[in-house]
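# Close look at the chain arrangement
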Amino acid sequence: MTEPIRIRQVVAADLPEIQSIYAHYVRRSTATFELTPPDVEALRERMRDVLSFSGAYLVAEQEGDVLGYAYGGRYRGREAYLHTVENSVYLRPEATGRGVGKMLLLDLVDRCRESGFAEMVAVIGGGDENRASIRLHESLGFRHAGKLERVGFKFGRWLDTCLMQISLQELGGRSRPGSVLALHR
């Protein structure tokens, strides 16, 4: 029998699997605008930054394998943005369509809300062509906040980003145990 999927806090030993997952998207997708996959050491530094900012860096694990990860990073560098967090969610290709992304994002939203962040923003690379990410965010109550056109260039073409947002403090105490999903049923 297959173990259930478990969401837990990241540990440094997860970084090689995280690097493998992310490298896939860098090389084959418009979900990220990076052109060269960062190595494990670069991801270790990013992990430290995320943990010191939000403390929210999660992995989905099943039978010892990392299926995906999500984190709440700094939205922008200016001080007035300190109450806003930007989410990132990436899954192994074979883990898509199984609800893993929703599990990760749901837990991330809850943790960031409980930490006192006011807003969460998603900057979805590839814009409207990244329908899976847009649908995931919509399913948890994120609203469309805008579109930036032709702001990235990858794979020989110009790319848009879709901006989505959710007000975390409006969720109040309703986030756990029913979580954000209870608001949108």
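You'll find the structure just up there.
Our subject in this report is the structure included herewith.

Rules and cut-offs
Residues numbered from 1 in each chain as written. Predicted model: local features only at pLDDT ≥ 70, side-chain atom pairs only at ≥ 80, totals over all residues. Heavy atoms only, no water. Phe/Tyr/Trp six-rings, centres within 6.5 Å; stacked < 30°, edge-to-face > 60°. Helix = DSSP H or I, 4+ residues; strand = E, 2+ residues; numbered from the N terminus. Buried < 20%, exposed > 50% of the residue type's maximum accessible area, 1.4 Å probe, protein only. Lys NZ or Arg CZ within 6 Å of the ring centre and 35° of its normal.

### A closer look at the packing of aromatic side chains
Taken as a whole and judged by the stated rule, the model has nine aromatic pairs. Between F53 and F117, the aromatic rings sit 5.3 Å apart at their centres with planes inclined by 50 degrees, giving tilted as the arrangement. Residue F53 is found in helix α2 (residues 40-53), and its partner F117 is found in the loop between α3 (100-114) and β5 (119-125); the two are separated by 64 residues along the sequence. Residues F53 and F117 agree in their burial class; the two are buried. Each residue in the set Y22, Y25, Y57, Y69, Y71 and Y90 is aromatic and connected to the rest through ring pairs, giving one cluster. Positioned over the ring face of Y75 is R76, at 6.0 Å from the centre of the ring.

### Regarding unusual backbone geometry
Positive phi, normally seen in glycine, also occurs at R150, with a value near 55 degrees. Along the chain, R150 turns up in strand β6 (residues 143-154). A positive phi angle is found at F155, which is not glycine, with a value near 55 degrees. Inspection of the secondary structure puts F155 in the loop between β6 and β7 (157-167).

That is the geometry; function is a separate question.
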